[in-house]
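What follows is the residue order along each chain.
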Amino acid sequence: MSSNDHVEVRAAYDALAESLRRRGVDVEEVKGALKRQRIETPSWGYGNSGTRFKVFPWPGAARNVYEKLADAAVVHRLTGVCPTVAIHIPWDKVDDWKALREYATSLGLQIGAVNPNLFQDDQYRLGSVCHPDSSVRRRAVDHLLECIEIARQVNSSILSLWIADGTNYPGQDSIRARKRRMLETLSEVYQHIPPDMRLLIEYKFFEPAFYHTDLADWGMAYAVASHLGPQAQVLVDIGHHPQGTNIEHIVAFLLDEGKLGGFHFNNRKYADDDLIVGTIHPFELFLIFHELVSAEHDPRTAETARAVAYMIDQSHNIEPKIEAIIQSVVNIQIAYAKALIVDRQRLREAQEAGDVLDAHRLLQEAYETDVRPLLAQVRIEMGLDPDPISAFRRSGYAERIARERAVQGSASGYPEAS
């Protein structure tokens, strides 16, 4: 980026900073929070992926976990806020976890959440931890215990659990019996969770089951987490709700209960579309972050809010893989920055006075503020390019991996570090 471009960024930032200061915003405090923000990217977001209809291969898409880490390192180097990568077992399974951990470290990364797979085994046709056959439930438990051990070896502190169990037809199975089986099997797993690890329980209201899903909403996930104990919390996937669901309300409630553990950020228009974060409902994303930031300022919820794990979970099939992840990170940063500049003192006063319109206008004012100059300046102060997408396109990395990964040969070796 040229010196003239830096001058333009600085001029835009200075104008915005002055405007924010007049509104009572501590700009340096906001910049500090943005520099400390951490967003986990998913290994599966860097490989070829798609819908149930078709997977369109992308030139240079990562073929194994080592290549996924190499791509994630590029995202972290350009954004400065993505030092961890979630892995999925068995998709990312390797023979030597110590070697994988060391390779991640060499790239400036760490392995993040470990995600078990309880939906692709043929034996899980009727469920996994809810299956009527105890031998299948045993298989599921053994896999979860395997993932806990993998998490130990890669120094991960999060086991991120999505259970695809459910039924397709009324009468197919006893819903109450399935609930009891789930609690019984997960209780056994929970006993093996190390003291420094959390079990984050995800939910989804439909798909792949179409009559009922055993963990269909946040309330069911909350009930299970409460049954298991304090190291079990709820994971909110933005795309896993019926139309019209007030997700920020769920976030606020779980924060106040001390049970919000993390997010899977993505976006959707109709159902679980796994689109780039913030592309469809940016105001909703802002309101979610408003609740999170507000909770950090409340001594009753601050500890829970500061421990929330922010993870991206997207894997659609038409956009460039690495650019899509970078754009999601940028959109999350924008939503967070806007939440940070809300005048909370004035908002509290308006709420206490019952001034409905002024309270709403304060949120609207923050949401409508163009915070891109602020983020550009933060990146410059972090030694980064102010525009990570443009920087990635100029780097030639996408073209290079398209050439290198097109070469026939083993897909299990170490890619060249970049």
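Residues numbered from 1 in each chain as written. Predicted model: local features only at pLDDT ≥ 70, side-chain atom pairs only at ≥ 80, totals over all residues. Heavy atoms only, no water.

### Points about the packing of aromatic side chains
The tally for this structure, following the rule as stated, stands at 16 aromatic pairs. The interplanar angle of 55° and the centroid separation of 5.8 Å between the aromatic rings of Phe206 and Phe210 together place this pair among those described as tilted. Residue classification places Phe206 among the partly exposed positions, given a relative accessible area of 23%. Members of the aromatic cluster, joined through ring pairs, are Phe263, Phe265, Phe289, Tyr310 and Tyr336. Above the ring of Tyr367, the side-chain terminus of Lys338 is found at 4.6 Å from the ring centroid. (Phe/Tyr/Trp six-rings, centres within 6.5 Å; stacked < 30°, edge-to-face > 60°. Buried < 20%, exposed > 50% of the residue type's maximum accessible area, 1.4 Å probe, protein only. Lys NZ or Arg CZ within 6 Å of the ring centre and 35° of its normal.)

### Details of the side chain of Asp237
Its location among the elements puts Asp237 in strand β8 (residues 232-237). In this structure, Asp237 is buried with no salt-bridge partner, the nearest side chain bearing the opposite charge being Lys204 at 7.5 Å. The residues contacting Asp237, other than those within four sequence positions of it, are Glu202, His264, Asn266, Asp272 and Asp313. (Helix = DSSP H or I, 4+ residues; strand = E, 2+ residues; numbered from the N terminus. Lys, Arg positive; Asp, Glu negative; His and termini not counted. Salt bridge = Lys/Arg side-chain N within 4 Å of Asp/Glu carboxyl O. Contact = heavy atoms within 4.5 Å.)

### A few points about the pattern of salt bridges
If you walk through the whole model with that rule in mind, you get 26 salt bridges. Measuring nitrogen to oxygen at the nearest pair gives 2.7 Å for the salt bridge that ties Glu381 to Lys35. In this pair, Glu381 is assigned in helix α14 (residues 372-381) and Lys35 in helix α2 (residues 27-36), connecting sequence segments 346 residues apart. A relative accessible area of 35% means that Glu381 is categorised as partly exposed. The class for Lys35 is partly exposed, based on a relative accessible area of 28%. For the salt bridge of Asp385 with Arg394, the shortest nitrogen-to-oxygen distance reads 2.5 Å. Via salt bridges that share partners, Glu28, Lys31, Lys35 and Glu381 belong to a single interconnected network.

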